[in-house]
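Observations on the three-dimensional arrangement
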Amino acid sequence: MAQVLIIGASRGIGLELVKQHRDGGDTVVATARDEESLTRLRALGATAIKLEVGDVQSIAGLAWQLDGFHFDRVMYVAGVYGPRTIGLQPPSVADFDAVMHTNVLGPMRVLPQILDALAPDARIGIVSSRMGSIGLRANSAGWVYRASKAAVNSVMKDVAMTLDGRAICVSLHPGWVKTDMGGQEADIDVATSASSLRAVLDGLKAGDNGAFFNYDGSPLPW
Ligand code: NDP
């Protein structure tokens, strides 16, 4: 059975990934930032690690907490949407910082901490969004969020290049998903999204390293 690390598993897509991997018999390590979620994750059978991806002190301890694990799969899920603006409304500095710290600086700090805990041929999925695709851009709603997901795609690419030949790292759009972030009018439920993302990771080939995929496995433009 596989060893799996889910970053950002308190709710939504991350929590569902924990449940599905647990049901599949995998060894699951999952992170959350509040005690209630950590207790819930432990009750699900996961090894739960406290992690606030916006806090450098919290991240600093991660590598040694992962010592001894050899992850076949890593899914980086934690993210925030920020202000739901329409059009070119400049964000406040506080809103800009909150979104960029979580969605961009978080992965830049967290991912280097996990590299020593990867199994050979590990697959790493960074949950981005098609809203970060510049090629698909049709409007500017959620201006900061879009910029943050375009930026995290760049972060992913550098991780992929660093790991080339050792692991496969990709950006993933999870679909428009019924979660706190996606809302209940969204297209698909968390179970469909999580199982689809797992299937995409399972199906990756070496040449996919550094690519951007939709949850159905089709490639997305940058
Ligand atoms: P939710 O809002 O349901 O969950 C967000 C998760 O991120 C929670 O576990 C939350 O933890 C965690 N998180 C946020 N900020 C931090 C932080 N600073 N430190 C640690 N954990 C943090 O969102 P979804 O499950 O819908 O989204 C998951 C990912 O999928 C996100 O990256 C999102 O951008 C992306 N996505 C979602 C889409 C959708 O339609 N739902 C569409 C496209 C992309 P906590 O409970 O502590 O806040």
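All residue numbers refer to position in the chain's written sequence, counted from 1. A pLDDT threshold of at least 70 governs which residues receive local features in this predicted model, and a stricter bar of 80 or more applies before side-chain atom pairs are shown or counted, although totals over entire chains, interfaces and linings include all residues.

Taking an unreviewed UniProt entry as the reference, the chain is identified by name as Short chain dehydrogenase belonging to Roseateles aquatilis.

**Here's the deal with the site of the ligand**
For the ligand, the set of nearby residues contains 29 residues, the closest of which are S10, G12, G79, T179 and G182. Here the shell around the ligand takes three residues from helix α1 (residues 12–23), the largest share from any one element. For this classification, the nonpolar set comprises Ala, Val, Leu, Ile, Met, Phe, Trp, Tyr, Cys and Pro, the charged set comprises Asp, Glu, Lys and Arg, and every other residue, Gly included, is treated as polar. Partitioned by chemical class, the residues of the shell around the ligand number 13 nonpolar, eleven polar and five charged. Each residue gets a C-beta atom placed from its backbone. If that atom is within 6 Å of a molecule or strand, the residue is near it. Only DSSP runs of H or I with at least four residues qualify as helices, and only runs of E with at least two residues qualify as strands; both kinds are numbered from the N terminus onward.

**Overview of the packing of helix α5 (residues 93–114) against helix α6 (residues 143–163)**
Two numbers describe how α5 lies on α6: the axes approach to 10 Å, and their chain directions differ by 10°. If you check the angle between α5 and α6, you find them roughly parallel. The hand of the α5/α6 crossing is right-handed. Residues D95, F96, V99, M100, N103, V104, P107, M108 and L111 of α5 form the contact with α6, whose participating residues are V144, Y145, S148, K149, A151, V152, V155 and V159. A fitted line through C-alpha atoms serves as each axis, taken over the contacting stretch for helices, and the angle formed by two N-to-C directions is quoted from 0 to 180°. Convention used here: angles under 35 degrees read as roughly parallel, angles over 145 as roughly antiparallel, angles from 65 to 115 as roughly perpendicular, and any remaining angle as oblique. Crossing handedness is read from the near helix: turned anticlockwise from the far helix by less than a right angle, it gives a left-handed crossing, and turned clockwise, a right-handed one. For the purpose of contact definition, each residue receives a C-beta atom placed from its backbone, and two residues are in contact when these atoms lie within 7 Å.

**Brief notes about the pairing of strand β2 (residues 27–32)**
Across the six residues that make up β2, a large majority, five, are buried. Strands are treated as partners if at least two bridges between them are detected by DSSP. Where strand β1 (residues 3–7) lies against β2, five bridges are found, and the strand directions are parallel. The partner of I7 across the bridge, within β2, is T31. With the strands pointing away from the viewer, any crossover whose connection runs clockwise from the first strand over the helix to the second is right-handed. In this fold, the crossover linking β1 to β2 by way of α1 has right-handed handedness. For β2 and strand β3 (residues 47–50), the ladder comprises four bridges, and the chain directions are parallel. By the bridge assignment for β3, A30 is matched with A48. After leaving β2, the chain enters helix α2 (residues 35–43) and then returns to the sheet as β3, a path that is right-handed. Comment: burial labels come from other C-beta atoms within 10 Å of the residue's own C-beta, placed from the backbone, where a count of 20 or more is buried, 12 or fewer is exposed, and between is partly exposed.

**Focus: the nonpolar core**
Only buried Ala, Val, Leu, Ile, Met, Phe, Trp, Tyr and Cys residues enter a nonpolar core, and they are joined through C-beta atoms within 7 Å. Core analysis: the largest hydrophobic core is formed by 63 residues, its most contacted members being I6, A30, Y76 and V77. The dominant element in this core, judged by the number of residues it contributes, is α6, at nine residues. Excluding residues that lie within four positions of it along the chain, A30 makes contacts with I6, A9, V18, L41, A46 and A48.

**Some details on the sheet that holds strand β7 (residues 212–214)**
Think of a sheet as strands paired side by side through backbone hydrogen bonds, with each pair either parallel or antiparallel. Read from one edge to the other, the open sheet built from seven strands follows the order β3-β2-β1-β4-β5-β6-β7, with strand pairing classed as parallel. Every interior strand has two partners, whereas the edge strands, β3 and β7, have only one. The mean angle between the axes of side-by-side strands here comes to 20°, regardless of whether they run parallel or antiparallel. Note that strand β6 (residues 167–173) and β7 share three bridges and pair parallel. Along β7, the bridge assignment pairs H173 with N214. Running at roughly 140° to strand β5 (residues 118–127), helix α7 (residues 190–202) makes contact with β4 (71–76), β5, β6 and β7 of the sheet.

**A few points about α7**
One fewer than the residue count of a helix, multiplied by 1.5 Å, yields its expected span. With 13 residues, α7 ought to run about 18 Å at 1.5 Å a step, and its terminal C-alpha atoms sit 18 Å apart, in line with that. Taken residue by residue, α7 has V190, S193, A194, L197, R198, V200 and L201 as its buried positions. For α7, the arc enclosing every buried residue in end-on projection is 160°, short of the 170-degree limit, so these residues lie on one face. Those residues of α7 that are exposed and aimed more than 90 degrees away from the buried face are A199 and D202. Turning to α7, the residues buried within the fold contact α1, β4, β5, β6 and β7. Taken from the helix axis, the directions to the C-beta atoms give the arc we talk about.

**Notes on the pairing of β5**
The buried fraction of β5 is high, at seven of ten residues. Both β4 and β5 contribute to a ladder of five bridges, which runs parallel. Residue V74 lies in a different strand from β5, and its bridge partner there is I124. Since β4 and β5 lie parallel, the crossover through α5 that links them has a hand, and here it is right-handed. Across six bridges, β5 lies against β6 in parallel orientation. Pairing of V127 across the sheet is with L172, part of β6.

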